[in-house]
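Breakdown of the fold
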Amino acid sequence: MENPELLFGIPLLIIGALGLLVAIEMLLAGAAPKSKTEAAVRAGIMAFVGLAAATVAEYFIATGMSQAMALLIIIALFKAAVIFQFFMHVMRLQHAHAQEE
Amino acid sequence: MAVVASREQALAVAAVPRVVPSHNGGGGHHDEPQRPAMNQLGLWLFFVSESFLFASLLVARFYLAGTSRGHVDQMLGLGITAVLLVSSLTAYLSEVSIAQGNRGAFLFYLLLTIVLGVAFAGGVAFEWSTAEFSRSEPYGTAFFTMTGLHASHVISGVAMLGLVYYLGLRGHFSAKDHWGVEAVVKYWHFVDVVWVFFYPALYLIGA
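Residues numbered from 1 in each chain as written. Chains lettered and ligands numbered in written order. Predicted model: local features only at pLDDT ≥ 70, side-chain atom pairs only at ≥ 80, totals over all residues. Heavy atoms only, no water.

Looking now at the overall build of chain B. From N to C terminus, chain B includes six helices and zero strands. Going from N to C terminus, chain B has its helices and strands arranged as α-α-α-α-α-α. Counting over 207 residues, chain B shows a buried share of 45%. Contacts in chain B between residues at least 24 apart in sequence constitute 77% of all its contacts with a sequence separation of at least 6. A total accessible area of about 9700 Å² is found for chain B, and carbon and sulfur atoms account for 68% of it. (Helix = DSSP H or I, 4+ residues; strand = E, 2+ residues; numbered from the N terminus. Buried < 20%, exposed > 50% of the residue type's maximum accessible area, 1.4 Å probe, protein only. Contact = heavy atoms within 4.5 Å. Areas by Shrake-Rupley, 256 points an atom, 1.4 Å probe, with all protein chains shown as cover.)

Okay, structure coming up:
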């Protein structure tokens, strides 16, 4: 490990990312979505913020830790799951199939 | 004869109009049968087949070069990753806009997605031109193959987004009928998912 002190940044980054998400959620919850469009836009923005936070986290983890492969894989899986769920609506595939049947 | 019979059966089945409500809540067109479930299934099967291709490249990267890594521009890598991430959001907003019949926003976000896609491809091209390793090295082989194949998908995605933009300008697509937009935007998200795994494999893992 070149810079062990950077390890202290990991929990801070996680807390910071969670804090950001909670803060945005609270701001957004202040006014209930007026329409389906608004709700969809909010969901998309929330997903984007989560992806951005995860990307920043993986960058700092990779540059600060030499043995962080497992952590990076977990973050990548998390990011892929967010894209599949919120942007690609993978769950709708099952609903569409049920409708057709 | 069995083949001919099964082909005739398939044609007969395909000729039967089937009106199915769209997943967006809108009703299907009575004069234009929609088959959203089959379309969705076909698209996702395509993604699965593509995933095998990209997964094999990901495995090949570690088989060839282990966890070692050539010198890459970290800021450039993070920059193009951010660009692709933002383009996923704009593509999503474009799809949401047309689903609600907002053609102006749909075209605006689609154009933004195209610009960001071109910027990503430009960033990869710049990385190629400044790479300090050759394609004959194990890591170089993996790097150029993976980024090259991914960039080709980005370019084909930009071309399809451009086609959708052109059709959108000419009045195609509506809140009830926008499968073309949905499919291309999903493809764009898939390209982003691939980069989610390629970015750490090429830029972050290893020393």
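Attention now moves to the overall build of chain A. The helix and strand inventory of chain A stands at four helices and zero strands. Written out in order from the N terminus, the α and β elements of chain A read α-α-α-α. Burial analysis of chain A (101 residues in total) assigns 34% to the buried set. Pairs at least 24 apart in sequence give 60% of the contacts found in chain A among residues at least 6 apart. Of the accessible surface of chain A, which amounts to about 6100 Å², a share of 73% is contributed by carbon and sulfur atoms.

What follows is about helix H3 (residues 69-87) of chain A. Taking 1.5 Å per residue as the helical rise, H3 of chain A with its 19 residues ought to reach 27 Å, and the 26 Å between its terminal C-alpha atoms agrees with that figure. Within H3 of chain A the residues assigned to the buried category are Leu 72, Ile 75, Ala 76, Lys 79, Ala 80, Val 82, Ile 83 and Phe 87 of chain A. End-on, the buried residues of H3 of chain A take up no more than an arc of 155°, which puts them together on one face. Exposed residues lying more than 90 degrees from the buried face of H3 of chain A are Ala 70 and Ile 74 of chain A. In the core, the buried residues of H3 of chain A are packed alongside helix H2 (36-64) of chain A together with helix H3 (74-99) and helix H6 (179-204) of chain B. A positive backbone phi angle near 50° is found at His 89 of chain A, which sits one or two residues after H3 of chain A. (Expected span 1.5 Å × (residues − 1). Arc of directions from axis to C-beta.)

Moving on: H6 of chain B. Because each turn of an α-helix spans 3.6 residues, side chains separated by three or four positions in sequence point in the same direction. All names here are of chain B. Across its 26 residues, H6 extends 37 Å between first and last C-alpha, which sits within 8% of the 38 Å expected from 1.5 Å per residue. Phe 198 marks where H6 bends most, by close to 30°; the proline Pro 200 follows one to four residues later. The element H6 is extensively covered by neighbouring structure, given that 23 of its 26 residues are classed as buried. (Bend = angle between axes of the 7 residues up to and from the residue.)

This part takes up the environment of Lys 79 of chain A. Here Lys 79 of chain A is to be found in helix H3. Since its relative accessible area comes to 1%, Lys 79 of chain A is described here as buried.

Time to look at the packing of helix H4 (residues 103-130) of chain B against helix H5 (residues 138-169) of chain B. All names here are of chain B. The geometry of H4 relative to H5 is characterised by a closest axis approach of 9 Å and an angle of 155° between their N-to-C directions. With respect to each other, H4 and H5 are oriented roughly antiparallel. Between H4 and H5 lies a crossing of left-handed hand. (Axes fitted to C-alpha atoms, helices over the stretch in contact; angles between N-to-C directions. Parallel < 35°, antiparallel > 145°, perpendicular 65-115°, else oblique. Left-handed = near helix turned anticlockwise from the far one by under 90°.)

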